[in-house]
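# Structural features, examined
The lines below spell out each chain.
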Amino acid sequence: MIILLSKKGYTILFILVLVFAFTAAVFYFGFKYEKKYFTLIVDPNLKVKYDGKNWIIITDNLAKLEPDVEVYDYNGYLGKYGVSYLKNNNRWIVYDKDMKEVDNEGDIVAFKSKLNTKYYEVAREEISLSDRETIDKILKNNKIDITSENAYSSKYRIDLNGDRKEDTLIISNLFSSDNENGDAYTLALAIIKNKEYVIKLIAQENDNSFMVPALKLDAIFDVDGDGYKEIVLTSSSYGDSNVCVSVTGIVKNGIKALVQC
C-alpha cells in the first residue's frame, strides 16, 4: 500500500530524517572519538594519568574521591571501589559505594581506564644459579664490587614485548645489615630476547647507612593493549617515610622511563 503525503508531510518527514541522521552521527563520532585515558593510583601517594600521549603526575585534589577504580592489594584483586588520599596517614583509603572504608592488606595498586588495559598478576619465583650469575655480571659491568650471595632476589616470567615469548624480570636487593662489609644494592633488570636492560640500579660499598632503597614490584600492565608492558616499581630506604614510585615502559628497542621520582 502506497501512502501519499502532502507537501507539508514530506517536509516533516525530511526534517525527522535529518534529526535522526544528526543524532546517529553524534553518537557514532562521540563514541569513536571518546577521550581515552588511563589513571594509575599507587600507595603511598602516587596518582598519574596517561592521556594516550603523555604521563602526567597529579598532585592536586588527591583527597577528592576517585570512584569506580579497579583495586588490587597484597592478596590480589579487591574489587571496584572508590579511593581517596588521606594525607595524615600518607596512603590511599578504599571506600565502598556507601562511603564505608574497605579493609585491605598491604599497599594498593588501583586503576581506571578507557583504553584496552590489561593488568597482569605474575607469580614470584626464586632465582636460579644462572640468574645470580647474571646479576653479578651486571654489578661487575657497572664497576660495583659486590656479589648477590646474600641478596633477596625474585624473578617473574612474562611476555614483556608482545612477541608471545617469555621474558624475565628480576628484582634483587642486598641490605647492608646482611653482610660484614655493609655493602648494599638494589636492582631491577629486564631480560628480553636474551638481552639485558637495567631498569634501576643503586649501590653503595662499605657503608652501613641504610641509604640504598629497597625495590618492590607493584604491578605490570599493558596500558593500551599494544603488547608492550609497563612496569610499576616502588622503592624506599630504611627509616625513610618517602617512597619512590616509578613506571617504566617496554618499547621496541628497549626500555623507557615514563614516571620518575
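Going by the structure above, here's the rest.
A brief report on the enclosed structure follows.

Each value, and the rule that gives it
Residues numbered from 1 in each chain as written. Predicted model: local features only at pLDDT ≥ 70, side-chain atom pairs only at ≥ 80, totals over all residues. Heavy atoms only, no water. Helix = DSSP H or I, 4+ residues; strand = E, 2+ residues; numbered from the N terminus. Buried < 20%, exposed > 50% of the residue type's maximum accessible area, 1.4 Å probe, protein only. Contact = heavy atoms within 4.5 Å. Areas by Shrake-Rupley, 256 points an atom, 1.4 Å probe, with all protein chains shown as cover. Pairing = 2+ DSSP bridges. Axes fitted to C-alpha atoms, helices over the stretch in contact; angles between N-to-C directions. Phe/Tyr/Trp six-rings, centres within 6.5 Å; stacked < 30°, edge-to-face > 60°. Lys NZ or Arg CZ within 6 Å of the ring centre and 35° of its normal.

Moving on, we come to the overall build of the protein chain. Tallying secondary structure elements over the protein chain gives two helices and 17 strands in all. When each of the 261 residues of the protein chain is scored for burial, the buried share is 42%. By sequence separation, contacts in the protein chain at least 24 residues apart represent 50% of the contacts at least 6 residues apart. Total accessible area computed for the protein chain in this model is approximately 16000 Å², and 51% of it derives from carbon and sulfur atoms.

Attention now moves to the side chain of Thr39. With respect to the helices, strands and loops of the structure, Thr39 is situated in strand β1 (residues 38-42). Overall, Thr39 belongs to the buried group, its relative accessible area being 6%. Excluding residues within four positions of it along the chain, Thr39 makes contact with Lys47, Val48, Lys49, Ala110, Phe111 and Lys112.

As a further point, take unusual backbone geometry. Each neighbour pair has its own omega, and for Asp43 with Pro44 the value is 5 degrees, a cis peptide bond. Summarising the element assignment, Pro44 is placed in the loop between β1 and β2 (46-50). In this structure, Asn61 takes a positive phi of about 55 degrees despite not being glycine. Mapped onto the secondary structure, Asn61 falls in the loop between β3 (55-57) and β4 (66-73).

Let us now look at the environment of Lys80. For Lys80, the location among the structural elements is in strand β5 (residues 76-86). For the pair formed by Lys80 and Asp96, sequence separation is 16 residues and the distance between their alpha carbons is 8.3 Å.

For strand β12 (residues 184-192), a buried count of nine out of nine residues is recorded, marking the element as mostly surrounded by other parts of the structure. Neither face of β12 is left uncovered, since the one carrying Ala184, Thr186, Ala188, Ala190 and Ile192 and the one carrying Tyr185, Leu187, Leu189 and Ile191 both have all their residues buried. One ladder, built from seven bridges, connects strand β11 (residues 167-174) with β12; its direction is antiparallel. Residue pairing for β12: Leu169 is matched across the bridge by Ala190. By the bridge criterion, nine bridges tie β12 to strand β13 (residues 195-204) in an arrangement that is antiparallel. In the sheet register, Ala188 faces β13, and the bridge partner there is Lys200. What sits between the antiparallel neighbours β12 and β13 is a turn of two residues, in which Lys193 has the positive phi angle 55 degrees.

As for its placement among the helices and strands, Ser148 is situated in the loop between α2 (129-141) and β10 (152-158). Each residue touching Ser148, except ones within four places of it in the same chain, is listed here: Arg132, Ile135, Asp136 and Tyr185.

Before going further, it helps to examine the pairing of β5. Sheet topology places β4 next to β5; six bridges connect them, and they run antiparallel. Each bridged residue has a counterpart across the sheet, and for Val71 the counterpart in β5 is Gly79. As defined by bridge partners, β5 adjoins strand β6 (residues 91-95) across five bridges and the pair is classed as antiparallel. Considered in β6, the bridge of Ser84 is made with Ile93. The turn joining β5 and β6, which pair antiparallel and follow one another in sequence, is formed by four residues; a positive phi near 50 degrees is taken by Asn90.

To continue, consider the sheet that holds strand β9 (residues 125-126). Strand order across the open sheet formed by five strands is β9-β10-β11-β12-β13, with antiparallel pairing between neighbours. Each edge of the sheet is formed by a strand with only one pairing partner; in this case those strands are β9 and β13. Here β10 pairs with β11 via seven bridges, running antiparallel. Note that in β11 the partner of Ser154 across the bridge is Ile171. Helix-sheet contacts for α2 involve β10, β11, β12 and β13, and the interaxial angle to β12 is about 115 degrees.

As a further point, take the packing of aromatic side chains. Evaluation of the coordinates by the stated rule reveals 12 aromatic pairs. Taken together, the aromatic side chains of Phe38, Tyr50, Trp55, Tyr72, Tyr77, Phe111, Tyr119 and Phe221 make up a single cluster linked through ring pairs. In this arrangement the basic side chain of Lys49 is found over the ring face of Tyr37, its NZ or CZ atom lying 4.8 Å from the centre.

This part covers the environment of Leu187. Here Leu187 shows up in strand β12. Its relative accessible area of 0% is what places Leu187 among the buried residues. In sequence terms Leu187 and Ile138 are 49 residues apart; their C-alpha atoms lie 9.3 Å from each other. Apart from residues no more than four positions distant in its own chain, Leu187 is found in contact with Ile135, Ile138, Ile170, Ile171, Ser172, Val198, Lys200, Leu201 and Leu215.

So far we have only geometry, and geometry alone does not tell us how the molecule works.
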